[in-house]
Amino acid sequence: MKKKLLIFSVLLFTSVINSQVTRSKDIDNLDAPNIPVIDVTVSLKDEDVDVPFAVLEIAPKFETCKDSIEQDAKSCFFVKMKEHIAKNFKYPKEAKKANIQGRIITMFIINKKGEVENLKIRGTRNEGSHYLEAESERIIKLLPKFIPGMQRGKLVNVSLAI
């Protein structure tokens, strides 16, 4: 019984292979229309793409972090960013009086020149969170000029969210 099954399997396999070869030959024998081929020149467009900080090869740096090697440079960046926020943060009087608290997400780009741009701020949308959003904007606008980030050997815009 096993021999018959083996022989049947071999015959089936051979039949499938032969039909594939026959179909391939049929396709090769088709008369294809004569299509003219023209030369095309393709050039790469140098596009500005915002590279997320997390995947960036060489992160933007505060001036005080410029001698750091790459992994240390990212750590240095976040340490200096926390120091900047702590040093400059002033809880808005109106928010303090009204006991307004909340989480603020601040997104921005550090461009190829090392400047902060495209600032977007999202608060908890609680009543009075606009006070905290305004303070976040003020702090980010106080950031110094950075040494720009790089990807594949070219200066790039770097997107961040804090």
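Residues numbered from 1 in each chain as written. Predicted model: local features only at pLDDT ≥ 70, side-chain atom pairs only at ≥ 80, totals over all residues. Heavy atoms only, no water.

Draft legend 1. How the structure looks around the confidence of the model for the protein chain. Across the protein chain, the average pLDDT comes to 80, with 71% of residues at or above 70. Every residue in residues 8-14 scores below 50 in pLDDT, and together they form 0 contacts with partners more than four places removed in sequence or on other chains. Contacts for the low-pLDDT stretch residues 16-22, under 50 throughout, to residues beyond four places or in other chains number 0 contacts. (pLDDT = per-residue confidence, 0-100. Contact = heavy atoms within 4.5 Å.)

Draft legend 2. The pairing of strand β3 (residues 116-122), seen in detail. Where strand β2 (residues 105-110) and β3 come together, 5 bridges link them in antiparallel fashion. Counted as the bridge partner of I105 is R122 from β3. Linking β2 back to β3 in an antiparallel pair, the connection comprises 5 residues, with G114 at a positive phi of about 85 degrees. (Pairing = 2+ DSSP bridges. Helix = DSSP H or I, 4+ residues; strand = E, 2+ residues; numbered from the N terminus.)

Draft legend 3. Quick peek at helix α2 (residues 70-88). The terminal C-alpha atoms of α2 lie 27 Å apart, and with 19 residues this matches the ideal 27 Å at 1.5 Å per residue to within 8%. The complete set of buried residues in α2 reads A73, K74, C76, F77, M81, H84 and N88. Buried residues in α2, looked at end-on, bunch into an arc of 160 degrees, giving them a common side. Opposite the buried face of α2, at more than 90 degrees from it, the exposed residues are Q71, K82 and A86. If you follow the buried residues of α2, they end up packed against β2, α4 (129-141) and β5 (154-161). (Expected span 1.5 Å × (residues − 1). Buried < 20%, exposed > 50% of the residue type's maximum accessible area, 1.4 Å probe, protein only. Arc of directions from axis to C-beta.)

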